[in-house]
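# Results of the structural survey
Next come the chains, spelled out residue by residue.
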Amino acid sequence: RAAGSGRWLPWLGFALLPLAVPPAAAPGGCPSACYCVATPELVQCRYERLEEPPKELPLTVHNLSIAGSNLSVLPRAAFAARPLPDLRLLRLRHDNIHTIEDMALQGLPALRTLDLSHNPLLSVAAGAFAGVPLLRTLQLNQALLAAPLEDQLALALRNLSLRRLELAGNALRALPASLLPAGLEELDLHNNSLQRLVATELRSLDAPGLRGLRLTLGANPLSCDCALRPFLAWLRSGAVARVPDARSLRCASPPALRGAVLLRLRPEGLVCVDAEGGEPGRLETASYVFFGIVLALIGIVFLMVLYLNRRGIKRWLHNLREACRDQMEGYHYRYEQDADPRCASAVGTP
């Protein structure tokens, strides 16, 4: 048995020989700063600190990945030193890209997936994605943190027919309705800062061109108060199928519901909370209690003052009563004098 296995060792060495060849030596030639995986159709450039896209890419490349470089700006026809008619997937992650100029993807007519995740985008030209009419998937995860780009992206995406848009990890606080082209099928919004979807946002999701949209919302800090009722009612009305991770959505606030599964709650059970995140009416109740305590203290102090000065108050009331009585007696005397007929006749006699 040992001799039999020994006969296979040379053949096993020949079989493993291609795996020992450096990736850059693959047939067809790879860029010097990159390497090919199995064939030149799969080119990956990682952590080579490229300042610009490689120029000597194989014409037959299908998938191109450039990661960990310093591309900074994608100028016009950045990848079209010579057209790449078969390139379908372009990944540009962690490449410090902050500006995408007009027609940056010119010369990539077959591109269907573009990944710009983990780049500090600051400027996206209105024609940044012109020249890629077949683009169907755009990944912008953690790419919108450096600047508010919703308006710029809305212009850049207006002529595309996207089917999938990924916006995870961008600290979004509201549904980016302007970035949802008609026909979009998948929208990834997980790991953002969404606390709720309001009624106007839900109506935009029910627009004719977005009724088939599937929405991913996991890892968002949902605030399970009365403002979330429209969203919960929307889910319960049959939209659970449109939110694949709906059954895993959990509340982040208020404290009493933290960690609760959203779909196990009832809309009428979501109560309103104040700005401090307390229970409904707690702030008003505390204010009334405090006001009552203050009034009680004032009343107690007033009663103590009356008690300590009771003799002086009694003397003051007696003097006041005597003064009032003297005054009334004076009025009464003058009234009697005026009413006496003898006095009246005496006054009238010459």
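Residues numbered from 1 in each chain as written. Predicted model: local features only at pLDDT ≥ 70, side-chain atom pairs only at ≥ 80, totals over all residues. Heavy atoms only, no water.

## Quick notes on the nonpolar core
Among the nonpolar cores identified, the biggest contains 78 residues, and Leu64, Phe79, Leu90, Phe129, Leu187 and Phe231 are the most heavily contacted of them. Put simply, the parts of the chain that give this core at least two residues each are β2 (39-46), β3 (63-67), α2 (150-156), α3 (199-205) and α4 (229-236). Other than its neighbours up to four places away in sequence, Leu90 contacts Leu64, Phe79, Leu105, Leu108, Leu111, Thr113, Leu114 and Asp115. (Core = buried A, V, L, I, M, F, W, Y, C linked by side-chain atoms within 4.5 Å. Buried < 20%, exposed > 50% of the residue type's maximum accessible area, 1.4 Å probe, protein only. Helix = DSSP H or I, 4+ residues; strand = E, 2+ residues; numbered from the N terminus. Contact = heavy atoms within 4.5 Å.)

## Section: the environment of Arg211
Locating Arg211 in the fold gives a position in the loop between α3 and β12 (214-216). In this structure, the C-alpha to C-alpha distance between Arg211 and Ala182, residues 29 residues apart in sequence, is 9.3 Å. Apart from residues no more than four positions distant in its own chain, Arg211 is found in contact with Leu205, Asp206 and Arg242. In terms of polar contacts, Arg211 uses its side chain to reach the backbone carbonyl oxygen of Asp206, at 3.1 Å. (Polar contact = N/O pair within 3.5 Å; in protein donor to acceptor, adjacent residues only side chain to side chain.)

## Focus: the UniProt feature "transmembrane region" (unreviewed entry) in the chain
Residues annotated in UniProt with the feature "transmembrane region" (unreviewed entry) correspond here to residues 288-308. Summarising residues 288-308: 100% helix, 0% strand, and an end-to-end C-alpha distance of 30 Å. (UniProt positions renumbered as here; feature names shortened; annotations may be inferred.)

## Here we look at the pairing of β3
Burial of β3 is extensive: four of the five residues sit out of reach of the surface. In this structure, β3 lies alongside strand β5 (residues 89-91), joined through three bridges in parallel fashion. Each bridged residue has a counterpart across the sheet, and for Leu64 the counterpart in β5 is Leu90. (Pairing = 2+ DSSP bridges.)

## Some words on the environment of Glu101
For Glu101, the location among the structural elements is in the loop between β6 (99-100) and β7 (113-115). Note on Glu101: relative accessible area 35%, which makes it partly exposed. C-alpha separation for the pair Glu101 and Ala125, spaced 24 residues apart in sequence, amounts to 5.2 Å.

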